[in-house]
Amino acid sequence: MVVNDKVRAACRIVEDGTKQGKKGLPFPNPEYIHAEEGDEGVVEYVSGAGIPTVRFNRTGTATVVAPEEVDYVPM
């Protein structure tokens, strides 16, 4: 995964790393939903350990995600 890759959330991505979350919560909040399954975004940064930061289109928040939480979007 590299900067500018387009990706899609493979699952709901919540601030605290759980699969819970509540709709309508403002960021920051531990239960804030960064992305619902299928939401698209762009990789903005990749750490030396290969951990991507994605800015999701729907929420506009930059989110550190586990690589298995996102799938590539074919160009």
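Refer to the structure presented above.
Each chain has its residues counted from 1, running along the sequence as written. Given that this is a predicted model, residues contribute local features only at a pLDDT of at least 70 and side-chain atom pairs are listed and counted only at 80 or more, while totals for whole chains, interfaces and linings are drawn from all residues. By convention in this description, side-chain values take in all heavy atoms of the structure and omit both hydrogens and water.

Draft legend 1. The arrangement of the overall build of the protein in detail. Where helices and strands are cited, they refer to DSSP runs of H or I of at least four residues and of E of at least two residues respectively, numbered from the N terminus. Across its full length, the protein holds zero helices and seven strands. Helices and strands in the protein line up, N terminus first, as β-β-β-β-β-β-β. When we talk radius of gyration, it's over C-alpha atoms, and the globule rule is simply 2.2 Å times the number of residues to the 0.38. The C-alpha atoms of the protein give a radius of gyration of 11 Å, which matches the 11 Å a tight globule of 75 residues would have. For the C-alpha atoms alone, the extent of the protein along its principal axes is close to 30 × 25 × 20 Å. A 1.4 Å probe rolled over the protein chains alone gives each residue an accessible area, and that area as a share of the maximum for its type sets the label: buried under 20%, exposed over 50%, partly exposed in between. Burial statistics for the protein: of 75 residues in total, 33% are counted as buried. Where accessible areas are quoted, they stem from the Shrake-Rupley method and a 1.4 Å probe; at the residue level, only the protein chains shown are allowed to cover. A total accessible area of about 4500 Å² is found for the protein, and carbon and sulfur atoms account for 53% of it. Asp and Glu are treated as the negative residues and Lys and Arg as the positive ones, with His and the ends of the chain left uncounted. Charge positions are represented by NZ for Lys, CZ for Arg, CG for Asp and CD for Glu. Placing the 8 positive and 12 negative side-chain charges of the protein at their respective mean positions leaves the two points 5 Å apart.

Draft legend 2. Examining the environment of Val7 more closely. Inspection of the secondary structure assignment puts Val7 in strand 1 (residues 6-9). Classification of Val7 as buried rests on a relative accessible area of 0%. Separated by 66 residues in sequence, Val7 and Val73 have C-alpha atoms that sit 5.0 Å apart. Ignoring any residue separated from it by four or fewer positions in sequence, one finds Val7 in contact with Met1, Asp39, Glu40, Gly41, Val43, Val54, Val70, Asp71, Tyr72 and Val73. Any two residues whose heavy atoms approach within 4.5 Å at even a single point are treated as in contact.

Draft legend 3. Representation of the sheet that holds strand 4 (residues 40-46) within the structure. At least two bridges found by DSSP between two strands is the condition for calling them paired. Pairing within the open sheet is antiparallel, and its five strands lie in the order 6-5-4-1-7. The open sheet has two edge strands, strand 6 (62-64) and strand 7 (70-72), and neither has a second partner. Recorded for the sheet is a direction-independent mean angle of 45° between the axes of neighbouring strands. Summarising the sheet, strand 1 and strand 4 pair through three bridges and their orientation is antiparallel. Throughout, an axis means a line fitted to C-alpha atoms (over the contacting stretch in the case of helices), and angles, computed between N-to-C directions, take values from 0 to 180 degrees.

Draft legend 4. View of the side chain of Asp5. Relative to the helices and strands, Asp5 resides in the segment before strand 1. Salt bridges, as used here, are contacts in which a Lys or Arg side-chain nitrogen is within 4 Å of a carboxyl oxygen on Asp or Glu. Within the buried set, Asp5 has no salt-bridge partner at all; the shortest N-O distance to an opposite charge, 10 Å, is to Lys6. Beyond its immediate sequence surroundings of up to four residues, Asp5 is in contact with Gly41, Val42, Val43 and Tyr72.

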